[in-house]
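One-letter residues, chain by chain:
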Amino acid sequence: MIKIKRLFSTLLITFTLFNAYSESFFSGYTGGKINYAASQDSEKYDPELKLQAFFQGQFNFSENIWSHVEISVDTDDFISEELFHKTQSNFSIDEISLIVKAQIDASTNYFSAFMGTYDPIGSDIFLRRYFAVQPIASKITESWLGLAGSILYPHFGLGISDIIKLYKVPVAFGIYAYLNHEDKKYFVVNTDIRFACVYRYFSFDFAGGVGAPLSDRYEDEDVWFAVDKFYWHAGTTILIGNNYTQSLFIQAGLYNAPFTKSSKTIMATQEDFYLLLEPRLKLNTTHFNLSIYSFPSDTAAKLMYVSDTLGANLNVYTDAINFGKQTFAIGTHISYSLPEKYFLDLKAPLELIKGDFNVNVTPYISTTFLSGELHSQVTLRIMDFAKANWYKAFSFDIGYRTNF
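It should be emphasised that the depicted structure is a prediction, and the values quoted were computed from it without experimental measurement.

A.B. asks: Please give an account of the side chain of Arg 381 that cites residues and values.
C.D. replies: Topologically, Arg 381 is positioned in strand E17 (residues 372-381). Residue classification places Arg 381 among the buried positions, given a relative accessible area of 18%. In terms of polar contacts, Arg 381 uses its side chain to reach the backbone carbonyl oxygen of Lys 392, at 2.4 Å. Aside from chain neighbours lying at most four places away, what touches Arg 381 is Gln 40, Val 359, Asn 360, Lys 392, Ala 393, Phe 394 and Ser 395.

In structure tokens, the structure reads:
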């Protein structure tokens, strides 16, 4: 697998350099964010500087054939005692795909072969790709890691897909088949179905399917492999209303819940569920988004505005502040969250009150700069501010994203 990743990295760099001189055949989206904070593990003041960055590119071979490539990087502290020396980091090739488009009667067919994460549930990328809509995802799930950010469950692995989009109605449906190694011991064969639609006041995206680990242990030795259990996975993104009206945004999903022939129910725990409910109120140019969520711990760890697995976040912002010819978006996230708690824990609210909780305030500002967006923010962790090492309660982020 390491050799394969190195091979694709080499091909990606070569292909990027080749296409950099041909604007008509190449487009992309890239960004990076630097985070400054004091180390939470040190007894004294120890500043840390970390980087997150991503690159998304589309290479057009012809009008009906193109490819997508996405990579991301997430580094550890790179201002340690060995300044600008080797830094530990996670480098990920998130997507390599080839898409072939064909007109069939009253529809358009998109056949794809992919490696990595493709059309993930948990983002609005499917709706944006096939319906050309503006972003509708929640701002609390914003990420500077591209596809490696908020994902209900990924179509991850090596596989193919076929998507059909109808002409007369804004509807698309499709099927995916892919192989991955999500099971620690065996390869898993997955098949998924998808349905999506976009209307003026309603957008809907659903995908679900099963995975079958290919076990090599079976009583009958005269078999190539056996399937002794399945994994369910499903997820949906719903927007009632649109970006210009009062609206309700919903995301829900279940990832890799196992069941066997002898089990009568799906053996899922509340840690396997992803839930996000977000009413959105718009008054002139001011937006009020209240997010109530229960996330898997892996998802919560990757998000900028989420500290714990269960919580609520109020995002108040306006995107129409003008200073001369420059337009700014200014807002604040105010969050209340509970560590290691999930939606079923809401059945005992008194127990939640007795436990630990966190309150964070994150004012931010963004504006256009050159051909992209410049974003900066400060996070104050209120519960840490009263402690002896009060300087650990602050962190600062500055990032830049641009299309080309």
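Further notes follow.
A.B. asks: Which residues make up the packing of aromatic side chains, and what values go with them?
C.D. replies: For the structure on display, the rule yields 23 aromatic pairs. When the centroid spacing of 4.9 Å and the interplanar angle of 10° are considered together, the rings of Phe 114 and Tyr 118 count as stacked. Relative to Phe 394, the ring of Trp 390 lies with its centre 6.3 Å away and its plane at 90°, an arrangement referred to as edge-to-face. The exposure class of Trp 390 is partly exposed, given its relative accessible area of 47%.

A.B. asks: Give me the lowdown on the confidence of the model for the chain, citing residues and values where you can.
C.D. replies: Predicted confidence across the chain gives a mean pLDDT of 86, with 89% of residues reaching 70 or more. Contacts of residues 1-5 to residues separated by more than four positions or lying in other chains number two contacts, the stretch itself having pLDDT below 50. A low-confidence stretch, residues 17-24 (pLDDT under 50), is modelled with four contacts involving residues beyond four sequence positions or located in other chains.

A.B. asks: Go over a nonpolar patch on the surface, please, and point to the residues and values.
C.D. replies: A cluster of nonpolar side chains, Ile 34, Tyr 36, Tyr 45, Phe 369, Leu 370, Leu 374, Val 378, Phe 385, Trp 390, Phe 394, Phe 396 and Ile 398, forms an exposed patch at the surface whose accessible area comes to about 1100 Å². For the nonpolar patch, the secondary-structure elements that each account for two or more residues are strand E1 (26-38), E17 and strand E18 (394-403). With three residues, the top contributor of residues to the nonpolar patch is E18. Among the structural elements, Leu 370 can be located in the loop between strand E16 (358-369) and E17. Leu 370 gets classed as exposed once you look at its relative accessible area, which sits at 75%.

Parameters at a glance
Residues numbered from 1 in each chain as written. Predicted model: local features only at pLDDT ≥ 70, side-chain atom pairs only at ≥ 80, totals over all residues. Heavy atoms only, no water. Helix = DSSP H or I, 4+ residues; strand = E, 2+ residues; numbered from the N terminus. Buried < 20%, exposed > 50% of the residue type's maximum accessible area, 1.4 Å probe, protein only. Polar contact = N/O pair within 3.5 Å; in protein donor to acceptor, adjacent residues only side chain to side chain. Contact = heavy atoms within 4.5 Å. Phe/Tyr/Trp six-rings, centres within 6.5 Å; stacked < 30°, edge-to-face > 60°. pLDDT = per-residue confidence, 0-100. Patch = residues over 30% accessible without salt bridge, like charges linked within 9 Å, V, L, I, M, F, W, Y side chains within 5 Å. Areas by Shrake-Rupley, 256 points an atom, 1.4 Å probe, with all protein chains shown as cover. Salt bridge = Lys/Arg side-chain N within 4 Å of Asp/Glu carboxyl O.

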